[in-house]
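Spelled out from the first residue to the last, the chains are:
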Amino acid sequence: MNSEIRVVSDEEAIAAVVQNISEGHVQSGEMEYECPECGKPIKITGFTNVCECGFILDVTIGE
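Residues numbered from 1 in each chain as written. Predicted model: local features only at pLDDT ≥ 70, side-chain atom pairs only at ≥ 80, totals over all residues. Heavy atoms only, no water.

A.B. asks: So what exactly am I meant to see when it comes to the pattern of salt bridges here?
C.D. replies: A pair can form between side chains of opposite charge whenever their charged atoms are brought close. Applying the stated criterion across every chain yields a total of one salt bridge. Across the pair E52 and K40 runs a salt bridge whose closest N-O atoms are separated by 3.1 Å. Of this pair, E52 sits in the loop between β3 (48-50) and β4 (56-58) while K40 sits in the loop between β1 (31-34) and β2 (41-44), and the two are 12 residues apart along the sequence. Given a relative accessible area of 70%, E52 falls into the exposed group. Overall, the relative accessible area of 40% leaves K40 in the partly exposed class. (Salt bridge = Lys/Arg side-chain N within 4 Å of Asp/Glu carboxyl O. Helix = DSSP H or I, 4+ residues; strand = E, 2+ residues; numbered from the N terminus. Buried < 20%, exposed > 50% of the residue type's maximum accessible area, 1.4 Å probe, protein only.)

Right, here's the structure in full:
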């Protein structure tokens, strides 16, 4: 008996899913980044985040 399994992948669909998951994680509020100006933690809640000292941290998601 000869069995064959064929896997078809849609790289664009996979990339879209990863992008959506990454964006959700960025907006979740579960990440922090140390402010390069004052050293305090900046809670990441979106793509633009502001430290108490006024430093603006922009988040981008790479490929």
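A.B. asks: Is there a simple way to think about the pairing of β1 in this case?
C.D. replies: Regular strands place their side chains on alternate faces of the sheet. Sheet analysis places β1 next to β2, joined by four bridges and oriented antiparallel. Among the inter-strand pairings, Y33 is bridged to a residue of β2, identified as I42. (Pairing = 2+ DSSP bridges.)

A.B. asks: Help me understand the nonpolar core in this model?
C.D. replies: Note on soluble globular proteins: their nonpolar side chains tend to be buried together. Counting residues in hydrophobic clusters, the biggest one holds seven residues: V26, C35, I42, I44, C51, L57 and V59. Leaving out residues up to four positions away in the same chain, C51 has contacts with C35, C38, K40 and I42. (Core = buried A, V, L, I, M, F, W, Y, C linked by side-chain atoms within 4.5 Å. Contact = heavy atoms within 4.5 Å.)

A.B. asks: What exactly am I supposed to notice about the environment of P41 here?
C.D. replies: Considering the arrangement of structural elements, one finds P41 in strand β2. For P41, a relative accessible area of 55% translates into the label exposed. Not counting chain neighbours up to four residues away, the residues in contact with P41 comprise E32, Y33 and E34.

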